[in-house]
Amino acid sequence: MSASNRVSDTANPSVDLSGEEGWNEFDAPSLVGDSLRFVSGEPDGNRFRTRYYRDAEQHLHARIWFGPETEGPPGHAHGGSIAAVMDEALGLAAWAAGYPIVVGNLNVSFRAMLPIKKVVTLESQVVSVEGRKVMIHGKLFCDEETVYAEGQCLCITIPGR
Ligand SMILES: CCCCCCCCCCCC(=O)SCCNC(=O)CCNC(=O)[C@H](O)C(C)(C)COP(=O)(O)OP(=O)(O)OC[C@H]1O[C@@H](n2cnc3c(N)ncnc32)[C@H](O)[C@@H]1OP(=O)(O)O
């Protein structure tokens, strides 16, 4: 395949990031500003495309497309790209729940190789709050049987915010 063909294969593919019934789109920049560019900054690019939602219980979820520029093992997402998504989305989940935080510790378990050029779902929930420590758990999956990664994210509230 020529280089020009490879470009046209990946140029602006159509990606469906629509949510589940009962999810409401969540406007992250209106809450945290425009700084979330590393994962969410190129909505039409070939790295990540993300769209955030909240369900009826206000848990933060996302549809995420891992584009060709997230590749690590051939045809599959780089572990760091998955960790970056977990960092942003689980940190954002704490903000969305009302806690101004930074991430203090993030554990990611890679459960199955994640094919690139695929839309997957991230679900999260706040599991505990103790003083300044807010624990968020999340998982990346495409269906009940296929979980790609699980994350445990310890967020620490920022004094004075
Ligand atoms: C602004 C707009 C953004 C808007 C962005 C919104 C979206 C966010 C998504 C992106 C998230 C990121 O990537 S954030 C970027 C990556 N993260 C960072 O750069 C953080 C760097 N680390 C730090 O700045 C600091 O270490 C902090 C703030 C996390 C903690 O420092 P501190 O404020 O001095 O607090 P400290 O006393 O040490 O800890 C407070 C309590 O938390 C516990 N604790 C602290 N760190 C840990 C840890 N790693 N593992 C276990 N426990 C810990 C302590 O034991 C203590 O518990 P106890 O004694 O009270 O029991």
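Position numbers for residues count from 1 along each chain, tracking the sequence in the order it is written. Since the coordinates come from a predicted model, pLDDT governs what is reported: local features require at least 70, and pairs of side-chain atoms require 80 or more to be given and counted, while whole-chain, interface and lining totals use all residues. Each side-chain value is derived from all of the structure's non-hydrogen atoms; neither hydrogens nor water enter the calculation.

Per an unreviewed UniProt entry, the protein is named Acyl-coenzyme A thioesterase THEM4, and its organism is Trichlorobacter thiogenes. UniProt positions are given in the numbering used here, feature names are shortened, and annotations may be inferred rather than shown by experiment. Annotation of the protein in UniProt includes, under Sequence similarities (unreviewed entry), the sentence "Belongs to the THEM4/THEM5 thioesterase family."

Let's shift gears to the nonpolar core. For soluble globular proteins, nonpolar side chains are generally found buried alongside one another. In plain words, nonpolar cores are sets of buried Ala, Val, Leu, Ile, Met, Phe, Trp, Tyr and Cys residues tied together by side-chain atoms within 4.5 Å. With a 1.4 Å probe rolled over the protein chains alone, any residue whose accessible area is under 20% of its type maximum counts as buried; one over 50% counts as exposed, and the rest are partly exposed. The biggest cluster of nonpolar side chains holds 33 residues, and the ones touching the most others in it are Tyr52, Ile64, Phe66, Leu114, Leu122, Ile136 and Leu140. Looking at this core, the elements that each hand over two or more residues are β2 (48–54), β3 (60–66), α4 (79–96), β5 (118–130), β6 (133–143) and β7 (146–157). Strands are runs of DSSP state E lasting at least 2 residues, helices are runs of H or I lasting at least 4, and numbering of each runs from the N terminus. Top contributing element to this core by residue count: α4, with 11 residues. The contacts of Phe66, once residues within four sequence positions are left out, are Arg47, Phe48, Ala77, Ser81, Ile82, Val85, Leu114, Ile116, Lys117, Lys118, Val120 and Leu140. Contact definition: two residues touch when any of their heavy atoms are within 4.5 Å.

Note on definitions: salt bridges are taken to be side-chain nitrogens of Lys or Arg within 4 Å of carboxyl oxygens of Asp or Glu. Within the structure shown, the criterion is met by three salt bridges. Glu25 serves as the salt-bridge partner of Arg51, at 3.9 Å between the closest nitrogen and oxygen. Taken together, the positions of Arg51 in strand β2 and Glu25 in strand β1 (residues 24–25) put the pair 26 residues apart, joining distant regions of the chain. Residue class for Arg51 comes out partly exposed when judged on its relative accessible area of 30%. Note that Glu150 is salt-bridged to Arg111, the shortest N-O span being 2.9 Å. Linking Glu150 in strand β7 with Arg111 in the loop between β4 (101–110) and β5, this pair joins segments that are 39 residues apart in sequence. According to the relative accessible area criterion, Arg111 is exposed, its value standing at 53%.

Near, as used in this document, describes a residue that has one of its heavy atoms within 4 Å of the molecule or strand being considered. The environment of the ligand is formed by 14 residues, the closest being Asp87, Val103, Gly104, Arg132 and Lys133. Residues adjacent in sequence count toward polar contacts only when both atoms are side-chain atoms; beyond that, a polar contact is any pair of N or O atoms within 3.5 Å, and within protein one must be able to donate a hydrogen and the other to accept it. Backbone polar atom of Gly104 to a nitrogen atom of the ligand: 3.1 Å apart, as the coordinates give it. One of the side-chain nitrogen or oxygen atoms of Arg132 is found 2.7 Å away from an oxygen atom of the ligand. Surface accessibility in these figures is a Shrake-Rupley result with a 1.4 Å probe; residues are shielded only by whichever protein chains are displayed. Out of a free accessible area of 1,300 Å², the ligand has 48% covered by protein chains. Residue assignment for the shell around the ligand shows that the elements contributing at least two residues are α4, β4 and β7. The dominant element in the shell around the ligand, judged by the number of residues it contributes, is β4, at four residues. Split by residue class, the shell around the ligand holds seven nonpolar, two polar and five charged. Polar here means any residue other than Ala, Val, Leu, Ile, Met, Phe, Trp, Tyr, Cys and Pro, which are nonpolar, and Asp, Glu, Lys and Arg, which are charged; Gly is therefore polar.

Right, let's talk about the UniProt feature "domain: Thioesterase" (unreviewed entry) in the protein for a bit. Here, UniProt's "domain: Thioesterase" (unreviewed entry) annotation points to residues 75–147. Along residues 75–147 one finds 25% helix and 49% strand; the C-alpha atoms at either end are 17 Å apart.

Given the number of residues in a helix, its expected span is that number minus one, multiplied by 1.5 Å. Over its 18 residues, α4 runs 25 Å from end to end, which matches the ideal 26 Å to within 8%, given 1.5 Å per residue. Just past α4, the residue Gly98 takes up positive phi, approximately 105 degrees.

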